[in-house]
Amino acid sequence: MSYADLGLSRNPFVADPRPGVPDELWIDRDDVDLPPAPEPAAGRFVQLLGEKGAGKTTTLLRWRSRRPGPYRHVGPTWRERLAPLPVAPLVYWDEIDRVFGPRLSAALRAAKRIDATVVAGTHRDLTAAASRFGFEVTTVRFGPLDRETVRAWIGRRLAAARVGETCWEPGEDEVTAAIASAGHSWRTLGDRLHVLAARAAREGTVATRS
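This report concerns the structure included in the present document.

Before going further, it helps to examine the overall build of the chain. A count of helices and strands for the chain gives seven helices and five strands. When its helices and strands are written in sequence order, the chain yields β-α-β-α-β-α-β-α-β-α-α-α. Taken over the C-alpha atoms alone, the chain extends approximately 60 × 30 × 25 Å along its principal axes. For the chain, contacts bridging at least 24 residues in sequence account for 73% of all contacts bridging at least 6. Accessible area for the chain stands at about 10700 Å²; split by element, carbon and sulfur atoms hold 51% of it. Charged side chains in the chain number 31 positive and 26 negative. The centres of these two groups are separated by 9 Å.

Here it is, written out as structure tokens:
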């Protein structure tokens, strides 16, 4: 058997090696109170707050595609955590909870000096740090996976890979188990569903989605 036998051109849950998602795979999330893309030079600190894999970077990069500005992902090494953050009227700092306190304070001070808008992906609430320098803080919280949103996410990916009138889809029990094991992480959810699709292609599960 193959993916073609399932009505699919490929495994619909293959992870893109690059962060973010293309427009055709983007879904509007009812489980997150997401404001419009921030305006530059507004003296705002917009923090995308949540656990690993919850969708912070994807949202941050989508905003950046509409309102460009310098982007910096802070890696886990000492050198990356100590490196200066870029400053501009609209700037995107990702994983900035990794930045050491004095370095973060220096960056916030420099950004507020030009009344910048900072969009920050973080695992830790940085309201106190940003408020100390006079920023207006907006917090967007990313919680556990929502079943309705997950179903929309699955449907969008199946539609992008479908080549026939019908195609395979994961069963309700399989989706429930995948959500339970993924917690907050879309990345983990995708890995679980990738395995299910690969198994279906290998074992010859009948195509079921119309």
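So, about the pattern of salt bridges. Evaluated as defined, the whole model comprises eight salt bridges. Glu 39 is the partner of Arg 67 in a salt bridge, and the nearest nitrogen-oxygen pair spans 3.0 Å. Separated by 28 residues along the polypeptide, Arg 67 in the loop between α1 (56-66) and β2 (71-73) and Glu 39 in the segment before β1 (44-50) bring together distant segments of the chain. A salt bridge links Lys 112 to Asp 115; the nearest nitrogen and oxygen atoms lie 3.0 Å apart. Residue classification places Lys 112 among the partly exposed positions, given a relative accessible area of 23%. Salt bridges sharing common partners tie together Arg 147, Arg 151, Glu 169 and Glu 172.

Here the focus is helix α6 (residues 172-182). When we look at burial in α6, the residues that qualify are Val 175, Ala 178, Ile 179 and Ala 182. Looking down the long axis of α6, one finds its buried residues gathered within 100° of arc, a one-sided arrangement. Of the exposed residues in α6, those oriented more than 90 degrees away from the buried face are Asp 173 and Ala 180. Its buried side turned inward, α6 meets α5 (147-161) and α7 (186-203). Immediately downstream of α6, the backbone of Gly 183 shows phi near 65°, a positive value.

Per the counting criterion, the structure on display carries four aromatic pairs. Taken together, a centroid distance of 5.9 Å and an interplanar angle of 15° make the contact between Phe 13 and Trp 153 stacked. You can see Phe 13 sitting in the segment before β1 and its partner Trp 153 sitting in helix α5, a full 140 residues away along the chain. Among the aromatic side chains, those forming a connected cluster through ring pairs are Phe 13, Trp 153 and Trp 186. Just above the ring of Trp 78 sits the side chain of Arg 81; from NZ or CZ to the centre is 5.5 Å.

We now examine the environment of Trp 153. What makes Trp 153 buried here is its relative accessible area of 10%. Beyond its immediate sequence surroundings of up to four residues, Trp 153 is in contact with Phe 13, Ile 27, Trp 186, Leu 189, Gly 190 and Leu 193.

Quick look at the nonpolar core now. Grouped burial of nonpolar side chains is what soluble globular proteins tend to show. In terms of nonpolar packing, the biggest core is built from 23 residues, with Phe 13, Val 150, Trp 153, Ile 154, Trp 168, Leu 189 and Leu 193 touching the most fellow members. Counting only elements with at least two residues in this core, the list comes to α5, α6 and α7. Ignoring any residue separated from it by four or fewer positions in sequence, one finds Leu 193 in contact with Phe 13, Trp 153, Ile 154, Pro 170 and Ala 178. Counting residues in each nonpolar core, the second largest holds 19 residues, with Val 74, Leu 104, Leu 126 and Phe 133 among its members.

Further remarks concern α7. For α7, spanning 18 residues, the distance from its first C-alpha to its last is 26 Å, which sits close to the expected 26 Å at 1.5 Å a residue. Buried residues of α7: Trp 186, Leu 189, Gly 190, Leu 193, Leu 196, Ala 197, Ala 200 and Ala 201, and no others. Mapping the buried residues of α7 onto a view down its axis gives an arc of 135°, with all of them on the same face. Away from its buried face by more than 90 degrees, α7 exposes Arg 187, Arg 202 and Glu 203. Of the surrounding elements, those touching the buried residues of α7 are α5 and α6.

Basis of the calculations
- Residues numbered from 1 in each chain as written.
- Predicted model: local features only at pLDDT ≥ 70, side-chain atom pairs only at ≥ 80, totals over all residues.
- Heavy atoms only, no water.
- Helix = DSSP H or I, 4+ residues; strand = E, 2+ residues; numbered from the N terminus.
- Contact = heavy atoms within 4.5 Å.
- Areas by Shrake-Rupley, 256 points an atom, 1.4 Å probe, with all protein chains shown as cover.
- Lys, Arg positive; Asp, Glu negative; His and termini not counted.
- Charge placed at Lys NZ, Arg CZ, Asp CG, Glu CD.
- Salt bridge = Lys/Arg side-chain N within 4 Å of Asp/Glu carboxyl O.
- Buried < 20%, exposed > 50% of the residue type's maximum accessible area, 1.4 Å probe, protein only.
- Arc of directions from axis to C-beta.
- Phe/Tyr/Trp six-rings, centres within 6.5 Å; stacked < 30°, edge-to-face > 60°.
- Lys NZ or Arg CZ within 6 Å of the ring centre and 35° of its normal.
- Core = buried A, V, L, I, M, F, W, Y, C linked by side-chain atoms within 4.5 Å.
- Expected span 1.5 Å × (residues − 1).

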